[in-house]
Amino acid sequence: ILNVEQSPQSLHVQEGDSTNFTCSFPSSNFYALHWYRWETAKSPEALFVMTLNGDEKKKGRISATLNTKEGYSYLYIKGSQPEDSATYLCAFGGDAGNMLTFGGGTRLMVKP
Amino acid sequence: DAGVIQSPRHEVTEMGQEVTLRCKPISGHNSLFWYRQTMMRGLELLIYFNNNVPIDDSGMPEDRFSAKMPNASFSTLKIQPSEPRDSAVYFCASSPLAGPYNEQFFGPGTRLTVL
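This text gives an overview of the structure that appears in the document. (Residues numbered from 1 in each chain as written. Chains lettered and ligands numbered in written order. Predicted model: local features only at pLDDT ≥ 70, side-chain atom pairs only at ≥ 80, totals over all residues. Heavy atoms only, no water.)

Often the size quoted for an interface is simply the accessible area lost on bringing the parts together. Each partner contributes to the interface: chain A provides 20 residues, whereas chain B provides 21 residues. Both sides of the chain A and chain B interface together cover about 1,600 Å² of buried area, and 63% of this is carbon and sulfur. For chain A, the biggest contributors to the area lost against chain B are Asn98, Met99 and Phe102 of chain A; these three give 37% of the whole. Linking chain A with chain B are zero salt bridges. Our count for the chain A to chain B interface comes out at three residue pairs in polar contact (both at pLDDT 80 or more). Per element, the largest residue contribution to the side of chain A that touches chain B is four residues, and it comes from strand E4 (residues 32-38) of chain A. Looking at the side of chain A that touches chain B, its residues break down into twelve nonpolar, six polar and two charged. (Contact = heavy atoms within 4.5 Å. Buried area = accessible area lost by both parts, 1.4 Å probe. Salt bridge = Lys/Arg side-chain N within 4 Å of Asp/Glu carboxyl O. Polar contact = N/O pair within 3.5 Å; in protein donor to acceptor, adjacent residues only side chain to side chain. Helix = DSSP H or I, 4+ residues; strand = E, 2+ residues; numbered from the N terminus. Nonpolar A, V, L, I, M, F, W, Y, C, P; charged D, E, K, R; others polar.)

A separate point is the nonpolar core. Formed by 23 residues in total, the largest nonpolar core has its most connected members in Phe21, Leu33, Trp35, Phe48, Leu75, Tyr88 and Leu108 of chain A. Among residues more than four places away in sequence, those in contact with leucine 75 of chain A are Thr19, Asn20, Phe21, Trp35, Leu47, Phe48, Ile62, Ser63, Ala64 and Tyr88 of chain A. Core analysis: the next-biggest nonpolar cluster, separate from the first, contains 21 residues, Trp34, Leu46, Cys92 and Val114 of chain B among them. (Core = buried A, V, L, I, M, F, W, Y, C linked by side-chain atoms within 4.5 Å. Buried < 20%, exposed > 50% of the residue type's maximum accessible area, 1.4 Å probe, protein only.)

Dropping the structure here:
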């Protein structure tokens, strides 16, 4: 069983705050690390797929970094807005097949 | 593109009944996944197919669960007989190509309640 952990489990911030959360995963047999955004009553949507150590990806106010040697990725949100409220999932791809192992998610709530 | 389509969106059934969940992946996608989401276990992979062939079904909880993909545009997940502990949201997802580098596109999910 692969250990993919996300912290914190939940986070409450004020509108305008910047925030970040962590995904930790096995540092061996790394193929890819995915980040998904999952709004309540909707389905997960991909934010980033990261494959190389040191990768940094950005989409608007959201960015992510990757450290495959130590087995962690950070997701940053700059100037949080209420519409950023969602659960953010990371998923580890640890073999050449399609299987992804998802973390438990970080639930972000942004108060106006 | 309509995205991944799942039906029904909600299903309420009684213990012991057969339940069939349906999925239509995005046209042209070669990989299809069935996930189950529960409060206790989060999002867990049940089975996935590449080019209509089941590749890994190690996540299927027990023999009561079965999945088929008769063609590239249709898959079913069947539970027979259903039990209350099967109550969950079941997601289908598809991906353009095999491999861990490709993002997965999720359907809206089917919320199953077994009484």
